[in-house]
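# Coordinate analysis (summary)
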Amino acid sequence: MSDFGSSNPCTWCDGCGNYGIWTAVKRALAELKIPPHGVLLCYDVGCHGNMSDKLSGYRFHGLHGRVIPFASGAKLANPRIPVIAHGGDGACFSEGIGHLVHAIRSNYPITFILHNNANYGLTTGQASSLTWQGQPMNTSPNSIPEATLPSMDFVFSLNPTFVARGFSGNIPQMVEILKAAVQHRGFAFVDMLQACPTYNKFATHNWLLEHVYDVAEGKHDTSDFANARAIAIDTSERISTGVLYQNMDAPSFYERLKPRENIKTVPTEEVAKVDVGEFMKEMV
Ligand code: SF4
């Protein structure tokens, strides 16, 4: 894990769930024996994005709501390297929701970690589409009129191949979820319920602790789509966590690309042979 260390101090608030997710990512990669130079870590804009200089490895920190396109593009250019994309509920269920839709239906072979603190934390606690309806927030003290977007129902409606849910207070479980997600063949959607003690006063660390349960403790069949969808949606009394659904047979987007069939090299190797010197001279 120390290989992923950084001398940059963390700037998250005390008690922020990002500390747990940050630790779990490092531990999962270490247990998978993936070194910092063997992974690409991509970050959207948000409090979680401050992880980009606190975790070593190849990193790309891009525009708000756009982490999925550049993470997927990098993966398709070099499919040999695992790619983990981090995004918040604000960015990825509003500005970037179209990218999420097409990543799931395309089955791009990346891991997507949704830092789900149910608000825009970095910009001081505005309501996101996943903020619970009726909750007063910093810029909407009377709450917002919109209904909460049913995120899990929405994700399952797109026929995903991997859906998991973790909780920032349970590092061992997050590690197991992330290891399964990184090794998944296609798009792995990981909903991390993240405590935000500064702005989220409803789904607090203690509230989550009291409501989550691990599906691995029972007889859960991760190949049963209908049951996985049902327990993912029903959060009325308890919240299911763990790997909820996985289709191991569905080929990824890259595997379905006809022009790539029987080609042993990857696009980055093919591009590396091209001399762009003359072209660059014309540009300057
Ligand atoms: Fe964490 Fe919330 Fe503070 Fe952001 S505002 S660093 S999400 S506790």
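Details of the structure are given in the entry above.
Note that the structure is a prediction, hence the values are computed from the model and not measured.

Parameters and conventions
Residues numbered from 1 in each chain as written. Predicted model: local features only at pLDDT ≥ 70, side-chain atom pairs only at ≥ 80, totals over all residues. Heavy atoms only, no water. Phe/Tyr/Trp six-rings, centres within 6.5 Å; stacked < 30°, edge-to-face > 60°. Helix = DSSP H or I, 4+ residues; strand = E, 2+ residues; numbered from the N terminus. Buried < 20%, exposed > 50% of the residue type's maximum accessible area, 1.4 Å probe, protein only. Lys NZ or Arg CZ within 6 Å of the ring centre and 35° of its normal. Near = heavy atom within 4 Å. Nonpolar A, V, L, I, M, F, W, Y, C, P; charged D, E, K, R; others polar. Expected span 1.5 Å × (residues − 1). Polar contact = N/O pair within 3.5 Å; in protein donor to acceptor, adjacent residues only side chain to side chain. Contact = heavy atoms within 4.5 Å. Salt bridge = Lys/Arg side-chain N within 4 Å of Asp/Glu carboxyl O. Pairing = 2+ DSSP bridges. Axes fitted to C-alpha atoms, helices over the stretch in contact; angles between N-to-C directions.

Moving on, we come to the packing of aromatic side chains. The tally for this structure, following the rule as stated, stands at 12 aromatic pairs. With a centroid separation of 4.7 Å and an interplanar angle of 45°, the aromatic rings of F60 and F70 are classed as tilted. Linking F60 in strand β2 (residues 58-61) with F70 in helix α2 (residues 67-77), this pair joins segments that are 10 residues apart in sequence. When its relative accessible area of 45% is taken as the criterion, F60 is described as partly exposed. Note on Y108 and F253: the rings are 5.0 Å apart at their centroids and 70° apart in plane angle, and the pair reads as edge-to-face. Taken together, the residues Y108 in the loop between α4 (97-106) and β4 (111-116) and F253 in the loop between β8 (239-246) and α9 (267-272) connect sequence positions 145 residues apart. Residue classification places Y108 among the buried residues on the basis of a relative accessible area of 18%. Above the face of the W22 ring, K26 is positioned so that its terminal group lies 3.6 Å from the ring centre.

All residues adjacent to the ligand are W12, C13, C16, C47, N117, G121, Q194, C196, P197, T198 and Y199. Residue classes in the shell around the ligand are distributed as 7 nonpolar, 4 polar and no charged.

This part covers helix α6 (residues 171-182). Its 12 residues place the ends of α6 16 Å apart at the C-alpha level, agreeing with the 16 Å of an ideal helix rising 1.5 Å per residue. Between a side-chain oxygen at the N-terminus of α6 and the backbone nitrogen of Q173 the separation is 3.1 Å; the capping residue is N170.

Here Y254 shows up in the loop between β8 and α9. Given a relative accessible area of 16%, Y254 falls into the buried group. The sequence separation of Y254 and P109 amounts to 145 residues, and the corresponding C-alpha distance is 7.5 Å. Among residues more than four places away in sequence, those in contact with Y254 are L76, P79, R260, T265, V266 and P267.

Let us now look at the pattern of salt bridges. Counting across every chain of the model gives 9 salt bridges. The partner of E270 in a salt bridge is R260, and the shortest N-O contact between them spans 2.8 Å. Linking E270 in helix α9 with R260 in the loop between β8 and α9, this pair joins segments that are 10 residues apart in sequence. Among the charged side chains, a network of salt bridges with common partners joins E31, E176 and K179.

With that settled, consider the sheet that holds β8. Sheet architecture is open: 8 strands sit in the order β2-β1-β3-β4-β6-β5-β8-β7, paired in mixed fashion. With one partner strand each, in any of the chains shown, β2 and β7 (212-214) form the two edges of the open sheet. Averaged over all pairs of adjacent strands, the angle between strand axes in this sheet comes to 25°, irrespective of strand direction. As paired strands, strand β1 (residues 40-43) and strand β3 (residues 83-88) are joined by 4 bridges and run parallel to one another. Its bridge partner being in β3, C42 is matched across the sheet by A85.

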